[in-house]
Amino acid sequence: MQHTIAAIALLVRDYDEAIAFYCGCLDFQVIEDTPLDKGKRWVVLAPPGSRETRLLLALASTAEQDACVGEQGGGRVFLFLHVDDFYARYDVMRSRGVRFLERPRTEPYGIVAVFEDLYGNKWDLLEPREKPALAPL
């Protein structure tokens, strides 16, 4: 049996500003945008080429939730955006105003740089190194 994490809820202050950032700056696509009761919406986004993992935009509706917007990772990197061509994506994102917190660096796992989304959540932009094939058990 296979299990998949299908979506990660991301607290936002406004659906439309979040859609504008993720689609306009990171090239995500709106997979679904369905109105719900009390002004809420079921908004699902996905990065280009993603077949499984999605972001579910969750509108903060209490003071406690609003305080957590931009702090879902507790100050650490919260999400990891894998790309095939790090420097091309890095240049595009910078030209669109995405704030990087560091210069690109090479690590044993790939090329990486930390950036912030519009609310201050930290992400890794990462071009992973190819993993060696797993040996059969």
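Residues numbered from 1 in each chain as written. Predicted model: local features only at pLDDT ≥ 70, side-chain atom pairs only at ≥ 80, totals over all residues. Heavy atoms only, no water.

1. A short note on the overall build of the protein
Under the convention used in this document: A run of H or I in DSSP counts as a helix once it spans at least four residues, and a run of E counts as a strand once it spans at least two, with each numbered from the N terminus. For each residue, the accessible area found with a 1.4 Å probe, counting protein chains only, is set against the maximum for its type, and the residue is called buried under 20%, exposed over 50%, and partly exposed in between. By the convention used here, residues are in contact when the closest approach between their heavy atoms is within 4.5 Å. Under the convention used here, a 1.4 Å probe and the Shrake-Rupley method define accessible areas, while residue burial counts only the protein chains that appear.
Scanning the protein from terminus to terminus reveals three helices and nine strands. With respect to the principal axes defined by its C-alpha atoms, the protein has extents near 50 × 40 × 25 Å. Out of the 137 residues belonging to the protein, those deemed buried represent 34%. Taking as baseline every contact in the protein between residues at least 6 positions apart, the subset at least 24 positions apart corresponds to 52%. Approximately 8,800 Å² of the protein is accessible, and the part contributed by carbon and sulfur atoms is 52%.

2. Some remarks on the side chain of Arg54
Note the threshold: Charge assignment: positive for Lys and Arg, negative for Asp and Glu; neither His nor the chain ends contribute. One side-chain nitrogen of Lys or Arg within 4 Å of one carboxyl oxygen of Asp or Glu is enough to make a salt bridge.
In this fold, Arg54 is placed in strand E4 (residues 54-59). Buried charge without a partner: Arg54 forms no salt bridge, and the closest opposite charge is Glu52, 8.5 Å away. Setting aside residues up to four positions removed in sequence, Arg54 forms contacts with Ala6, Ala7, Ile8, Ile31, Val44, Leu45 and Ala46.

3. Examining the nonpolar core
So the rule is basically this: As used in this record, nonpolar core signifies buried Ala, Val, Leu, Ile, Met, Phe, Trp, Tyr and Cys residues forming a set joined through side-chain atoms within 4.5 Å.
Counting 31 residues, the largest nonpolar core has Tyr22, Leu26, Leu57, Phe115 and Leu125 as the members making the most contacts within it. Taken together, the elements giving at least two residues each to this core come down to strand E1 (7-12), helix H1 (15-24), strand E3 (41-46), E4, strand E5 (77-82), helix H3 (86-95), strand E8 (110-116) and strand E9 (122-128). A total of five residues in this core trace back to one element, the largest contributor, which is H1. Not counting chain neighbours up to four residues away, the residues in contact with Tyr22 comprise Leu10, Asp27, Phe28, Leu45, Leu55, Asp117, Leu118 and Trp123.

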